[in-house]
Structure formats: structure tokens, C-alpha cells
Amino acid sequence: RCCAMLTFHTPSPSDRAAVLAYRSEVLRCRADFDGSAGLGEFERYSEWLERLRILSGGRAEKYGFYRTAVRLAYDGGILAGILNVRLTDDPFIRTYAGHIGYNVRPSCRRKGYGRACAAQGVCICAEHGIAEPVICTDPENSASRRTAESAGFAFAGTETTETGITVARYVYAK
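Residues numbered from 1 in each chain as written. Predicted model: local features only at pLDDT ≥ 70, side-chain atom pairs only at ≥ 80, totals over all residues. Heavy atoms only, no water.

Caption draft 1: How the structure looks around the overall build of the protein chain. Across its full length, the protein chain carries five helices and seven strands. Overall, the protein chain shows an N-to-C arrangement of helices and strands of β-α-α-β-β-α-β-α-β-α-β-β. Computed over its C-alpha atoms, the radius of gyration of the protein chain comes to 15 Å, within 12% of the 16 Å expected for a compact globule of 174 residues. Referenced to the eigenvectors of the C-alpha coordinate spread, the extents of the protein chain come out at roughly 40 × 40 × 35 Å. (Helix = DSSP H or I, 4+ residues; strand = E, 2+ residues; numbered from the N terminus. Rg over C-alpha atoms; globule rule 2.2 N^0.38 Å.)

Caption draft 2: Fine view of the sheet that holds strand S4 (residues 100-104). What the four strands build is an open sheet, ordered S1-S2-S3-S4; its pairing is antiparallel. Here the strands that pair on one side only, and so sit at the sheet edges, are strand S1 (7-9) and S4. Along the sheet, successive strands turn relative to each other by an average axial angle of 25 degrees, direction set aside. Here five bridges tie strand S3 (residues 78-86) to S4, and the two strands are oriented antiparallel to one another. The residue bridging Leu83 from the neighbouring strand is Tyr102, located in S4. Sheet strands in contact with helix H1 (residues 16-28) are strand S2 (68-75), S3 and S4, and its direction is about 90 degrees off that of S3. (Pairing = 2+ DSSP bridges. Axes fitted to C-alpha atoms, helices over the stretch in contact; angles between N-to-C directions. Contact = heavy atoms within 4.5 Å.)

Caption draft 3: Region of the structure containing the pattern of salt bridges. Overall, the coordinates contain five salt bridges when judged by the stated rule. Here Arg44 ties to Glu47 by a salt bridge, and the two come within 3.8 Å at their closest N and O atoms. You can call Arg44 exposed: its relative accessible area is 52%. Close ionic contact of Arg53 with Glu50 constitutes a salt bridge, the shortest N to O distance being 2.5 Å. With Arg53 and Glu50 both in helix H2 (residues 45-56), this residue pair falls three residues apart, about one helical turn. Classification of Arg53 by relative accessible area gives partly exposed; the value is 45%. (Salt bridge = Lys/Arg side-chain N within 4 Å of Asp/Glu carboxyl O. Buried < 20%, exposed > 50% of the residue type's maximum accessible area, 1.4 Å probe, protein only.)

Caption draft 4: The arrangement of the environment of Ser142 in detail. The topology assignment puts Ser142 in helix H5 (residues 142-150). The sequence separation of Ser142 and Leu39 amounts to 103 residues, and the corresponding C-alpha distance is 23 Å.

Caption draft 5: Molecular detail of H5. If you check which residues of H5 are buried, you get Ser144, Thr147 and Ala148. Across the axial projection of H5, the buried residues extend over an arc of 100 degrees, all falling on one side. Check the buried side of H5 and you find it contacts S4, helix H4 (113-127), strand S5 (134-137), strand S6 (153-160) and strand S7 (166-172). Positive backbone phi, approximately 95 degrees, marks Gly152, located one or two places after H5. (Arc of directions from axis to C-beta.)

And the structure:
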């Protein structure tokens, strides 16, 4: 365990109420779901769990996804965030998407939870042989940029996708 602040575990049916309350708060606050492994796309928790099952298994690529580890981040009984770690060192991930994504509950922001999620993501990457994980963020998202930097990531430049989306890349600086 890399982070003493939060407890991380794989989502399960017993997390249903906590995840739905988290989702409701994000919607109510009109915040985004970036880094939440697609939680915003699903109204039914069981459907999101099925997506996570596909992402975590060997069939992810068959469905057009990258193999991914998703963890819920709890502070005591409060679901404070969601960690999403892509478990491949594919060039697209290194350049445009990043290995580590996280989403922090609106009422839990500015407490270091994003940094803690990023740190846990580094540990998960190391367990899967990814020595230099990358975080990609919107260059205009100053909070996300500061979070990456505070978690030990160094700015590595910006990249623009074929569709015109620009991302700021941060590489873990050990």
C-alpha cells in the first residue's frame, strides 16, 4: 500500500450505495467524470461494474479498451475518489491518454486526495512493469496540473491529437 491517507480497493457490489452517492454529487455539482473509468456513462451500477470487469480482464482489447485497474479510494467510510490505471505502455497511452487517471469527489477536493490517488497509481504501474507512468491532462486545468506536479510528475510538454485535442503530459520523475 503506497498511501496511508486513503484505503483503495476494487469496486464490488457492496460499494453500490457509495458509488451512486458519489455519482449523484458529481452530477449535482456539474463537475466532470474524467478519470472515473466511465462512471458518468452509466446510470446503473451493475452496468458500470460489468464495464470494469471487462477493463480488468484479458478481453479489454477485444472490446476496444486498454486493460485497466480501477480502485475506489476511501477515507474511512467516505468514497473520496476513483483511481483508473491503464496497464499498458502503448504509445497512445504514453502520448495522449496517460496511464493514471483519477477523479475526486467535489466535496473532498483540495485535501490531497488527488495526489494520493496519483501516488497509488504509480505503485500499481510499478507492479505491472511500467517504470515511467504518465498523466495527461487538459492544459487549462491548473488544479490537475498542480496535482500531477505535487505527486512527483514533471511536465514533459504538450501534444495535440489528430482530432485537435491538446493535452499536457506529465511523466513520473521518481
